[in-house]
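# A closer look at the structure
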Amino acid sequence: MASSSFNRPRQFAGFFAKAAPPVMSVGFLLVAWELYANHSGIKPTILPAPSRVFEQAVLNREALIDNAIPTIRATLIGFACSLGAAFVLSMLVDFFQPLRRALFPVFIVSQTLPLVAIAPLVVLWFGFGLTPKIMLVALVTFFPMLVALVQGYEATEAEIGQMLRVMGAGRWRVFMLARLPSALPYFFAGLRISITYAVVGAIFAEYAGAAKGLGIYMLNAKNNFRPDLVLAAVGVSAGLTLVLFGLTVLLQRLAMPWERDAGRQIAGKGPRR
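Let's shift gears to the packing of aromatic side chains. Remark: the centre distance and the inter-plane angle together describe each pair of aromatic rings, the angle taken between the planes. Tallied over the full model, the rule gives nine aromatic pairs. Here the aromatic rings of F95 and F175 are separated by 5.4 Å at their centres, their planes lie at 55°, and the arrangement is tilted. Of this pair, F95 sits in helix α3 (residues 61-95) while F175 sits in helix α8 (residues 171-208), and the two are 80 residues apart along the sequence. In this structure, F95 and F175 share a single accessibility class: buried. Grouping aromatic residues by their ring pairs yields a cluster made of F95, Y153, W172 and F175. Geometry around F104 places R100 over its ring, the cationic atom sitting 5.3 Å from the centre.

Our focus in this paragraph is the layout of surface pockets. Taken as a whole, the second largest pocket spans an internal volume of roughly 150 Å³. Around the second largest pocket, the lining residues are L76, F79, A80, L83, L191, I195, L244, L247, T248 and L251. Mapped by element, the contributors of at least two residues to the lining of the second largest pocket are α3, α8 and α10 (227-255). Classifying every residue of the lining of the second largest pocket by side-chain character gives nine nonpolar, one polar and no charged.

Detailed conclusions should not be drawn from predicted coordinates in areas where pLDDT is low. When the pLDDT values of the protein chain are averaged, the result is 83; 88% of them are 70 or greater. Element-level mean pLDDT values for the protein chain span from 56 in helix α11 (residues 257-269) up to 92 in helix α2 (residues 50-59).

Turning to the packing of helix α4 (residues 97-112) against helix α6 (residues 130-154), a few remarks are in order. Interhelical geometry of α4 versus α6 gives an angle of 145° and a closest axis separation of 10 Å. Crossing of α4 against α6: the hand is left-handed. Together, R100, F104, F107, I108, S110 and Q111 of α4 and L139, V140, F142, F143, L146, V147, V150, Q151 and E154 of α6 make up the contact between the two elements.

Because each turn of an α-helix spans 3.6 residues, side chains separated by three or four positions in sequence point in the same direction. Buried within α2 are the following residues: P50, V53, Q56 and A57. Seen end-on, α2 carries its buried residues on one side only, within an arc spanning 125°.

What follows is about a nonpolar patch on the surface. Among the surface-exposed residues, L121, L124, W125, F126 and M135 lie close enough to one another that they form a single nonpolar patch of about 550 Å² accessible area. If you tally residues by element for the nonpolar patch, the top one is helix α5 (residues 115-126), at four residues. If you trace the backbone, L121 turns up in helix α5. L121 gets classed as partly exposed once you look at its relative accessible area, which sits at 36%.

What follows concerns the pattern of salt bridges. Per the stated rule, a full pass over the model turns up five salt bridges. Notably, a salt bridge pairs D94 with R179, separated by 2.8 Å at the nearest N-O pair. Here D94, found in helix α3, pairs with R179, found in helix α8; they are 85 residues apart in sequence, far enough to count as distant. Of the charged contacts, one joins D228 and R226 as a salt bridge, the two residues approaching to 3.1 Å between their closest N and O atoms. R226 gets classed as partly exposed once you look at its relative accessible area, which sits at 28%.

With that settled, consider the environment of P144. With respect to the secondary-structure elements, P144 resides in helix α6. Sequence separation between P144 and S194 is 50 residues, and the spatial gap between their C-alpha atoms is 6.2 Å. When near neighbours in sequence (up to four residues on either side) are disregarded, P144 contacts G190, I193 and S194.

Calculation rules
- Residues numbered from 1 in each chain as written.
- Predicted model: local features only at pLDDT ≥ 70, side-chain atom pairs only at ≥ 80, totals over all residues.
- Heavy atoms only, no water.
- Phe/Tyr/Trp six-rings, centres within 6.5 Å; stacked < 30°, edge-to-face > 60°.
- Helix = DSSP H or I, 4+ residues; strand = E, 2+ residues; numbered from the N terminus.
- Buried < 20%, exposed > 50% of the residue type's maximum accessible area, 1.4 Å probe, protein only.
- Lys NZ or Arg CZ within 6 Å of the ring centre and 35° of its normal.
- 1 Å grid on protein atoms, 1.4 Å probe; cavity = no way out; pocket = protein on both sides within 12 Å on 5 of 7 lines; lining within 4 Å.
- Points joined across faces, edges and corners; volume = space filled by probe spheres on them.
- Nonpolar A, V, L, I, M, F, W, Y, C, P; charged D, E, K, R; others polar.
- pLDDT = per-residue confidence, 0-100.
- Axes fitted to C-alpha atoms, helices over the stretch in contact; angles between N-to-C directions.
- Left-handed = near helix turned anticlockwise from the far one by under 90°.
- Contact = heavy atoms within 4.5 Å.
- Arc of directions from axis to C-beta.
- Patch = residues over 30% accessible without salt bridge, like charges linked within 9 Å, V, L, I, M, F, W, Y side chains within 5 Å.
- Areas by Shrake-Rupley, 256 points an atom, 1.4 Å probe, with all protein chains shown as cover.
- Salt bridge = Lys/Arg side-chain N within 4 Å of Asp/Glu carboxyl O.

The following block contains the structure:
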């Protein structure tokens, strides 16, 4: 009990040391933006100050929340489909190497398609419902996870696989006991990259055609010459992305507790004098 209370100030200091730099950098940018918007002579209808953007976000919070819900729904469902497709395809590619040579060029080409051009076509082909948004979110997010998983499988130490085969393990058991665990750090790295694209993909799909969503809200605000509302919606989308990114970090800590324990042991040793 005494040890826990003794470590608490140290944990708080460590958290503050990690949180202070990003908070200070964001605060500096907001202060600089506020000063420039208020003292440069530029009109608020062209460049609103952060205080005005925040004020309008509070005043229009019901509309922002109402439009954020469809975007969140499309993001989560599309990302879940992307995650499942990346995992299944990574297993197929790992078990059947010729399939990798056949499919990877197609996947690479799919990532070269400009989203601003393909989004209207997908909406035209599949309608204005939820389906095209899910497809576009999956299109922009699955490839980093697929590549990360495949690279993670290949990073498995050969000695571990050989030892399991000597013990009588089949290919599937070797995959579950050796190759899949070794791919977890790579997978979460790809997951963090992909999640930052998910909200953007959903908003682009809504720009192309939707009844409601943050993309439509931004488009309407832009057409009404309300950059403050556009930036308020951008702030909401950025906040959603940060929340999703934080959830992936939390999921990694829950799925890989040994990494956190190893980090604590290394930090606890420290330099000896």
